[in-house]
Amino acid sequence: MRRFSYLIALSSVLAISACASNQSKSESSAGNSGSASSHEQNAGKASGACRSVGEGHKVNGKGKNDVYMCKASVALNSDEAKSVLNPNIKVSYGSTGNTTLVSRQIANMVGKSPEESCQRAFLSTVKRFQSTAVQRKAKSVRLVSYFDKKTVGGNEYECHVATWNSRVVLKGSLH
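Residues numbered from 1 in each chain as written. Predicted model: local features only at pLDDT ≥ 70, side-chain atom pairs only at ≥ 80, totals over all residues. Heavy atoms only, no water.

Help me understand the state of the cysteines in this model?
Structurally, a disulfide amounts to a covalent bond that connects the sulfur atoms of two cysteines. Under the definition given, this model contains two disulfides. Through a disulfide, Cys50 is tied to Cys70; the S-S separation comes to 2.1 Å. Measuring the twist about the S-S bond at about 110°, one finds the Cys50-Cys70 disulfide to be right-handed. Here the residue Cys50 occupies a position in strand E1 (residues 50-55), and Cys70 occupies one in strand E2 (residues 66-71), the gap between them amounting to 20 residues. Considered together, Cys50 and Cys70 belong to a single accessibility category, that of buried residues. At a sulfur-sulfur separation of 2.1 Å, the disulfide partner of Cys118 is Cys159. What sets the handedness of the Cys118 and Cys159 disulfide is the S-S torsion sign, and at about -90° it is left-handed. Linking Cys118 in helix H5 (residues 114-135) with Cys159 in strand E7 (residues 156-161), this pair joins segments that are 41 residues apart in sequence. Each member of the pair, Cys118 as well as Cys159, carries the same accessibility label: buried. (Disulfide = S-S within 2.5 Å. Helix = DSSP H or I, 4+ residues; strand = E, 2+ residues; numbered from the N terminus. Buried < 20%, exposed > 50% of the residue type's maximum accessible area, 1.4 Å probe, protein only.)

Pasting the structure below:
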């Protein structure tokens, strides 16, 4: 029993020293001796494509659920969009037709700013609509944000950022 306690204590000391070592490396590489998280540091370098609008609904009052409104045009014109989206299926954002579909996609948040993660989730959702358009022989998709069954058109989509991922829900029609 004493040996087991010794092993637990030793592993705790090693884990704490490893965390301290990693923290000091990340602070020196970022050039920041403050205690800001990587998300906060990345948000400071952001291009302004997303803006925080507060907290969303939390399940049982727990967890992180920050709501961001992001510009669809910035995401659709990004280098990432050019590399992942199908150029043969036209994408328009801001309004839909009569018959609509809904898709929700999640992107990994680890090591990314909210803007980067929201853009990745948005583009994944657009790509899903494009895949459906190809299957149904459509030539274009028209999309709007549809989080919590509330439609947001114009040039913005709603993105919910949690601790480990970000989520985007879009409603769209195929044409």
